[in-house]
Amino acid sequence: MMTANESRLAGLKKKIESREARVGIVGMGYVGLPLALLYSSQRFKVTGFDIEPRKVATLNSGGSYIVRILPSEIREAQKAGFRATADYSEIAQMDAVIICVPTPLDEYHEPDLSFITETVKSIAPWLHENQLIVLESTTYPGTTEEVVVPLLEAGNPRGLKTSRAADQPGFYVAFSPEREDPGNETVARHDIPKVMGGCSPEATQLAAALYGSIFHRVVPVSSPAVAEMTKLLENIYRCVNIALVNELKQLCMKMGIDIHEVIDAAKTKPFGFQAFYPGPGLGGHCIPIDPFYLSWKAQQFDFRTRFIELAGEINTAMPHFVIEQIANGLNEHSKALKGSKVLVLGVAYKRDIDDLRESPSLTIIEMLRDKGALVSYNDPYFPIVGHGRHYDLNMTNTPLDNLGQYDAVVIVTDHSDYDYKAIVEQSQLVVDTRNATKGIDSAKIVRC
Ligand SMILES: NC(=O)c1ccc[n+]([C@@H]2O[C@H](COP(=O)([O-])OP(=O)(O)OC[C@H]3O[C@@H](n4cnc5c(N)ncnc54)[C@H](O)[C@@H]3O)[C@@H](O)[C@H]2O)c1
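First things first, this report covers the structure right here in the doc. (Residues numbered from 1 in each chain as written. Predicted model: local features only at pLDDT ≥ 70, side-chain atom pairs only at ≥ 80, totals over all residues. Heavy atoms only, no water.)

A word on the site of the ligand. Of all residues adjacent to the ligand, which total 26 residues, the nearest are D50, K55, Y88, T103 and R357. Contact distances for the ligand include 2.6 Å between an oxygen atom and a side-chain N or O atom of D50. Within the contact set of the ligand, a nitrogen atom lies 2.6 Å away from a side-chain nitrogen or oxygen of Y88. Compared with its free state, where it exposes 830 Å², the ligand has 94% of that area covered by protein. (Near = heavy atom within 4 Å. Polar contact = N/O pair within 3.5 Å; in protein donor to acceptor, adjacent residues only side chain to side chain. Areas by Shrake-Rupley, 256 points an atom, 1.4 Å probe, with all protein chains shown as cover.)

Time to look at unusual backbone geometry. Of note in the backbone geometry, R43 takes a positive phi value of approximately 70 degrees without being a glycine. Mapped onto the elements, R43 comes out in the loop between helix 2 (32–41) and strand 2 (45–49). Backbone geometry places N435, a non-glycine residue, at a positive phi of 60 degrees. With respect to the secondary-structure elements, N435 resides in the loop between strand 14 (430–432) and strand 15 (445–447). (Helix = DSSP H or I, 4+ residues; strand = E, 2+ residues; numbered from the N terminus.)

Taken as a whole, this structure holds 22 salt bridges when the rule is applied. Residues E52 and K55 are paired through a salt bridge, measuring 3.9 Å at the closest nitrogen-oxygen approach. (Salt bridge = Lys/Arg side-chain N within 4 Å of Asp/Glu carboxyl O.)

On to the packing of aromatic side chains. Considering all chains together, one arrives at 7 aromatic pairs under this definition. Centroid distance F49 to Y88: 5.9 Å. Interplanar angle 25 degrees. Geometry classified as stacked. Note that F49 is positioned in strand 2 and Y88 in the loop between strand 3 (83–85) and strand 4 (96–99), a separation of 39 residues in sequence. With respect to class, F49 is no different from Y88; both count as buried. Geometrically, the ring pair formed by Y237 and F276 is edge-to-face, given 5.5 Å between the ring centres and 80 degrees between the ring planes. Here Y237, found in helix 8 (residues 224–255), pairs with F276, found in the loop between helix 9 (259–266) and helix 10 (290–299); they are 39 residues apart in sequence, far enough to count as distant. The exposure class assigned to Y237 is partly exposed, which follows from its relative accessible area of 41%. Taken together, the ring pairs connect Y140, Y293 and W296 into an aromatic cluster. (Phe/Tyr/Trp six-rings, centres within 6.5 Å; stacked < 30°, edge-to-face > 60°. Buried < 20%, exposed > 50% of the residue type's maximum accessible area, 1.4 Å probe, protein only.)

With 8 of its 10 residues buried, helix 10 lies for the most part within the structure. Where the residues of helix 10 are buried, they touch helix 6 (143–155), helix 8 and helix 11 (306–316). (Contact = heavy atoms within 4.5 Å.)

On to the packing of helix 8 against helix 12 (residues 318–332). Two elements in contact, helix 8 and helix 12, have axes separated by 11 Å at closest approach and are oriented at 25 degrees. Classified by the angle between their axes, helix 8 and helix 12 sit roughly parallel to one another. Handedness of the crossing formed by helix 8 with helix 12: left-handed. Where helix 8 abuts helix 12, its residues N246, K249, Q250 and M253 lie against M318, F321 and Q325. Its residues placed into classes, the contact of helix 8 with helix 12 shows 3 nonpolar, 3 polar and 1 charged. (Axes fitted to C-alpha atoms, helices over the stretch in contact; angles between N-to-C directions. Parallel < 35°, antiparallel > 145°, perpendicular 65-115°, else oblique. Left-handed = near helix turned anticlockwise from the far one by under 90°. Nonpolar A, V, L, I, M, F, W, Y, C, P; charged D, E, K, R; others polar.)

To continue, consider the environment of E261. Relative to the helices and strands, E261 resides in helix 9. Since its relative accessible area comes to 59%, E261 is described here as exposed.

A two-sided burial pattern is seen for strand 6 (residues 172–175), the buried positions comprising Y172 and A174 on one face and V173 and F175 on the other. Pairing of strand 5 (residues 132–135) with strand 6, which is carried by 4 bridges, proceeds in the parallel orientation. Looking across to strand 6, one finds that L132 is bridged to Y172. Handedness of the crossover joining strand 5 and strand 6 through helix 6 is recorded here as right-handed. (Pairing = 2+ DSSP bridges. Right-handed = clockwise from strand over helix to strand, strands pointing away.)

Most of strand 10 (residues 374–378) is tucked away: 4 of the 5 residues are buried. Bridge count between strand 9 (residues 341–345) and strand 10: 5 bridges; the pairing is parallel. Directly across from V342, in strand 10, lies its bridge partner V375. Following the backbone out of strand 9, through helix 13 (residues 360–370) and into the adjacent parallel strand 10, one traces a crossover that is right-handed.

A few words on helix 8. Taking 1.5 Å of rise per residue, 32 residues should cover 46 Å, and helix 8 covers 47 Å from first to last C-alpha, within 8% of that figure. The first or second residue beyond helix 8 is G256, which carries a positive phi of 75 degrees. (Expected span 1.5 Å × (residues − 1).)

In terms of nonpolar packing, the biggest core is built from 41 residues, with I25, L33, Y39, F82, I98 and L210 touching the most fellow members. With 7 residues, the single largest contributor to this core is helix 7 (residues 201–212). Sequence-distant contacts of L33, that is, excluding residues within four places in its chain, are made with G27, M28, L59, Y65, I66, I69, I74 and F82. In this structure, I91, I99, F175 and A227 belong to the second largest nonpolar core, which totals 37 residues. (Core = buried A, V, L, I, M, F, W, Y, C linked by side-chain atoms within 4.5 Å.)

As a further point, take the sheet that holds strand 1 (residues 22–26). Spatially, 3-2-1-4-5-6-7-8 is the arrangement adopted by the 8 strands of the open sheet, whose pairing is mixed. With partners counted over all chains shown, the strands left at the sheet margins are strand 3 and strand 8 (218–221), one partner each. In this sheet, adjacent strand axes meet at a mean angle of 25 degrees when their direction is disregarded. Pairing geometry for strand 1 and strand 4, over 4 bridges, is parallel. Note on strand 4: the bridge partner recorded for I25 is I98. Most of the contacts of helix 5 (residues 114–123) go to strand 4, to which it runs at about 160 degrees, and overall it touches strand 1, strand 4 and strand 5. The sheet strands contacting helix 7 are strand 1, strand 4, strand 5, strand 6, strand 7 (194–198) and strand 8, and the helix crosses strand 7 at an angle near 155 degrees.

Below is the structure:
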């Protein structure tokens, strides 16, 4: 016979499987909103929580603030019961809550968990027994057990505890990392296997049921820390390999070898090699940031993560390398950076997306300005670039015409909308940091 707790667990699982479970998603950003739409498309009634009133109002009026999410998708989700709110008391009505809030670095380059702690403190008063809470925000191993669980337990007025065994009543907690790859049209989100680790086998089972209802494959692991570390391994792997090709690119340039030709040849090997590409520096919310969550945590164990530090050093030096190449290119035309008109193409951190967080373009623009260049930018995704946590540019998008007026045009983001042949034809000098001009033969191009 099932214990009372086992039957509650079975009840929640059944509710999830039958789509009757109410799903709350906290953080309606690049991760949370698409996830909300995915659950809505599978007939779950989803409530999106966000502290930004503008986002809540836009979603509730059937609009979208993310370019690749169409308002029609929001309206479709609304038909399945999707709505947004800033009112945390509605957490009480949710069977499962998924947290997708930012995890940036602070000014000292250390983890800033304030978004997670604020969210968890807001959820705690509304917790109820048998509720599943899942953290998706990328973070260091230990966050779920050491930060989230204590705050949930301390903040709920009924003194509920995290269930850690089949016979222990309480709420369930798990961690499941997000593997979204913005702009990647080749893999559907539901085809990306979903890793999850709970604070108890029951929490893992529930998280597996929750995600198994929308993802084709779930990968349960033994603890939240394993799941947290899995995400960091994936991102550190990319960060280190990108640093490797960025370093080799610089050597290849000195040796007169085209690194892209080398990578294209190497990737024909059917095993043991995965292609990574050099570029102007790292961008986005993940690769430039997440590895440092681990190096910070490693200090607690008196351990130095040398690969992460070296990769960080090489990758953060790349915008300086780009500036050097622009200066060299101008020099060939007997011009100095100071006073030159420079057009930067692309401010998004990667091709065809509307996200400029940590974009190397922002650093390159700031460095060019510091050197006295007169900088403009063009990016079809950004009519203006104001200020953010690490930049203050206040610029407006420049139309892509009269390119001959610029002393240099610098391709920092290789959006597919650009006609690179026409750009090269019309420009005096093109500095290409992305191999976007591959196949175009012109003495005007500096490839770096
Ligand atoms: N963007 C990606 O491609 C990606 C990929 C994998 C993992 N991640 C990770 O996912 C997490 C979320 O990233 P994102 O890109 O969606 O961030 P985002 O900035 O796009 O969205 C976060 C949202 O959370 C909201 N928010 C902040 N504090 C809140 C609070 N206390 N209560 C309710 N809402 C709050 C913000 O208003 C914002 O809408 C991060 O940890 C990130 O590292 C992101």
